[in-house]
Structure formats: C-alpha cells, structure tokens
Amino acid sequence: EGLTNNYDVQIALESLKAAEASMKQSKAGNLPTLTGNAKWLHQEFNDSNNFNQYEFSGALSWEADIWGKIRSNKRAAVASYLQTVAAQQAIQTQIVASIASTYYQLLALDAQVEVVEKTLINRTESIETIKALKNAGTVSVTEVSVKQTEAQNNATEIILKDLKYNVKVVENTLSILLGKTPSAIDRSTFETQEITAAIDVGVPALLLSNRPDVISAELNFRRNFELTNVAKSNFYPSLYVNASGGFQNVELEDWFNTKSLFASMLTGLTQPIFNQRKIKTNYEI
C-alpha cells in the first residue's frame, strides 16, 4: 500500500519518466533538425504599388560531432536515467524500512500501554488496600503512605496518557507513509511477530555495490564526468551544415512553378570568441 500511494514514490516515478524522456531525446542528437515554413510578405509603398511575396520552404540543420559533444551528452543522459532508476529503488527501500520500523514501534507502544494499564489497576487496588489498613488502625500505615501511593497512581495515569498520545502520533506517521488520511491502523500484537530473517555477522564489502544509494552516487559521478567533457568541447569550433529550399513567388497562382524553386546550402566552422564568460563558467561548474 505504501509503495502504491506514498507521495515520495510517486515523485520518483514521475522523475523516472522525465529522465527517460531526456534519454530518448539525447539519442537523437546525431540526427539533423528539419523545419517547415510558410510565409506571406505584403508591403505597401508611397506610389500605391503593393508587393506580395509567397514562400513555402524547408530548412535542414546538422552539426558534426567532431569533439564528441553529442556522444558525451548521450552518455550523460543514459547515466542520469540509470541514476534516477537507482534513486527510485533507494526511495522504495527507505519507504519499506520506514513502514516496517514504524509498525513495530506501534506494536511496542501497544505492549507498553498494556503493561501500564495492568500497573494502574494494581496501584488502584493498592490505594484501596492501604486506606483500609489505615482505617483499621495499622500502626505502620500513615497518611504519608496513603499520599505516596496515590502519587504513584497519578504518575502512572500520566504515563498512560503519554503512551496513548504517542500511539496516535505513530499511527498518523504510518498513515502518512501509506499515503492516506491519518486514521487508526489495524494491527496484531508484538508477541505474535516472528522474525525469520537469517542475520549473519559480517557483510562482504562487495555487497556495498548493490546498494541503490551507492549505485546512484556512482552514476551521478559518471553523468557529471560526461557533462564536463561536453562543457570542455564548447571551447572548440563547431562544424555545421545548413540547407534550405522551397518555392517563392510574387504571384500566388505561380507559387509551385519550377521558376519559383530555390535552394541554398551553407557549411562552415563557428568558433566562440566572447560570449560573456558563459562557456568558461559552465565548465567550472
């Protein structure tokens, strides 16, 4: 119930979807971009001559991955996705552990309440007994003894109220972990619980590599390593290819005429020279 309804788990699942979407987008980094345009240009001049121009065109742009920037971006996105998967597993592990721990804490409080309630019954009977002895004229029983017994009984009542208050607090905590409105929790007793897990002394250090939080930390390191390569490659020139083509004419009826056909291609290197220190700042981060 907790793994289905808990808000932290739901947040982790949505983060997983976002990371998966980013990974899919990064895998398309080597593909060109293609855009379509439909334009109408209308101009009016002082001599009352109007000018209309109609254009339908497409533009294609592609960047060569000569410095490995796109490859590093792709590897960083994959590492980020796997890190999110590990983080989700870590959250699930934490939720399971928290629910189990809180449940046993609740059972322990129930057991304490039971003991204190029995103690309160005994001390109530003790007050009646000591009052009867005092009224009977027993020499060793004084008013001080009666007051001390009553004080112990009052202290026990305070402890019982505190325990019952703590039971409600723990029930509310468990309800929140289960992702539902705070309410009473149906439960068994502490005595009926059986712990059957085999606990061995000493754990191989190799098992640390199976911990989801450790895996998440390693993948985060890998992601940042790849992003550092991306930031470093931004210092170098980029090789790009831009191409466009389509139909352009001043007469709408001649729009798709072969004379209206145009095409262009542009390729070159772009080297950043001064851009307000953005590239260097990104690399330092």
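The present account deals with the structure reproduced in this document.

Quick notes on the rules
- Residues numbered from 1 in each chain as written.
- Predicted model: local features only at pLDDT ≥ 70, side-chain atom pairs only at ≥ 80, totals over all residues.
- Heavy atoms only, no water.
- Salt bridge = Lys/Arg side-chain N within 4 Å of Asp/Glu carboxyl O.
- Helix = DSSP H or I, 4+ residues; strand = E, 2+ residues; numbered from the N terminus.
- Buried < 20%, exposed > 50% of the residue type's maximum accessible area, 1.4 Å probe, protein only.
- Pairing = 2+ DSSP bridges.
- Axes fitted to C-alpha atoms, helices over the stretch in contact; angles between N-to-C directions.
- Parallel < 35°, antiparallel > 145°, perpendicular 65-115°, else oblique.
- Left-handed = near helix turned anticlockwise from the far one by under 90°.
- Nonpolar A, V, L, I, M, F, W, Y, C, P; charged D, E, K, R; others polar.
- Core = buried A, V, L, I, M, F, W, Y, C linked by side-chain atoms within 4.5 Å.

1. So, the pattern of salt bridges
In a structure, side chains of opposite charge can pair up when their charged atoms sit close to one another.
(1) Moving on: For the structure on display, the rule yields 15 salt bridges.
(2) Moving on: One salt bridge in this structure joins Lys131 and Glu150, with 3.4 Å as the shortest N-O distance. Here the residue Lys131 occupies a position in helix 3 (residues 69–135), and Glu150 occupies one in helix 4 (residues 143–177), the gap between them amounting to 19 residues.
(3) Moving on: Here Lys131 falls in the partly exposed class, since its relative accessible area comes to 37%.
(4) Moving on: Taking the shortest distance from any N to any O, the salt bridge between Lys168 and Glu171 comes out at 3.8 Å.

2. Thoughts on the pairing of strand 3 (residues 238–249)
(1) Moving on: Sheet topology note: the strand 2 (residues 50–64)/strand 3 ladder contains 11 bridges and is antiparallel. In the strand pairing of strand 3, Leu60 is matched with Ala243.
(2) Moving on: Relative to strand 4 (residues 261–270), strand 3 runs antiparallel, the two sharing 10 bridges. From the neighbouring strand, Gly245 faces strand 4, where its bridge partner is Ala263.

3. Overview of the packing of helix 3 against helix 5 (residues 212–233)
When two helices pack together, their arrangement is given by the angle between their axes and by how far apart the axes lie.
(1) Moving on: Across the interface, helix 3 lies against helix 5 with an axial gap of 8 Å and an inter-helix angle of 160°. Taken as axis vectors, helix 3 and helix 5 run roughly antiparallel relative to one another. Crossing of helix 3 against helix 5: the hand is left-handed.
(2) Moving on: Residue classes in the contact of helix 3 with helix 5 are distributed as 11 nonpolar, 10 polar and 6 charged.

4. A few points about the nonpolar core
Generally speaking, nonpolar side chains in soluble globular proteins are found buried as a group.
(1) Moving on: Counting 16 residues, the largest nonpolar core has Ile99, Leu106 and Leu174 as its most contacted members.
(2) Moving on: Elements that contribute at least two residues to this core include exactly helix 3 and helix 4.
(3) Moving on: Looking at this core element by element, the count peaks at 7 residues for helix 3.

5. Digging into the sheet that holds strand 3
(1) Moving on: The sheet built from 4 strands is open, its strands ordered 1-2-3-4 with antiparallel pairing. Each edge of the open sheet is held by one strand with a lone partner, namely strand 1 (33–44) and strand 4. Sheet twist, expressed as the average angle between the axes of neighbouring strands with direction ignored, equals 20°.

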